[in-house]
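The primary structure of each chain is shown beneath.
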Amino acid sequence: MDHSYVFEYLDENDFRKKERSVRKYNMLAYKKLTFEYYPELRKGHFLGEKVSEDLKAKTVNYELKLPTDELFAKVHGEIRVHYTVYLDKNIILLTNITPEGILDEGHRAELSAYKGVMISKSHPEKDMFKINLLNMLNK
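Residues numbered from 1 in each chain as written. Predicted model: local features only at pLDDT ≥ 70, side-chain atom pairs only at ≥ 80, totals over all residues. Heavy atoms only, no water.

## Thoughts on unusual backbone geometry
So, point 1. The linkage connecting threonine 98 with the following residue, proline 99, adopts the cis geometry, with an omega of 10°.
So, point 2. Looking at the element boundaries, proline 99 is found in the loop between strand E5 (91–98) and helix H4 (100–108).
So, point 3. One non-glycine residue with positive phi stands out, namely lysine 58, at about 55°.
So, point 4. With respect to the helices and strands, lysine 58 occurs in the loop between strand E2 (49–54) and strand E3 (59–65).
So, point 5. Even without being glycine, asparagine 90 reaches a positive phi, approximately 55°.
So, point 6. Following the sequence through the fold, asparagine 90 ends up in the loop between strand E4 (80–86) and E5.
So, point 7. You can call asparagine 90 buried: its relative accessible area is 18%. (Helix = DSSP H or I, 4+ residues; strand = E, 2+ residues; numbered from the N terminus. Buried < 20%, exposed > 50% of the residue type's maximum accessible area, 1.4 Å probe, protein only.)

Right, dumping it as structure tokens:
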């Protein structure tokens, strides 16, 4: 872990779009990712949950959970950065940021919010129903 790691992308355009959506709709998560998590990853401190490991290829897959509003997480899911570490090449392959649907929509068009949570344009009724249901259950 004394070597620095280099970032590469599975699909850089797609990853950057999702990264910008995170910046637009969850600034805290974006700042943590940019100023805390990325520098730690470059140093070789792999953050998040180890998902799988391939000893032959010397790769390890991780999922890094970003700080997410509780209601957003219940409606859309946790925001997670998926990456693969190539141990023998000192490369970190940034593969994806999930949940994909809402982050893709957030990049294409300005999303509206309902009771403080952004809702998708493709199925706003479903999102509003979930938000209302969760609010009723919390009372």
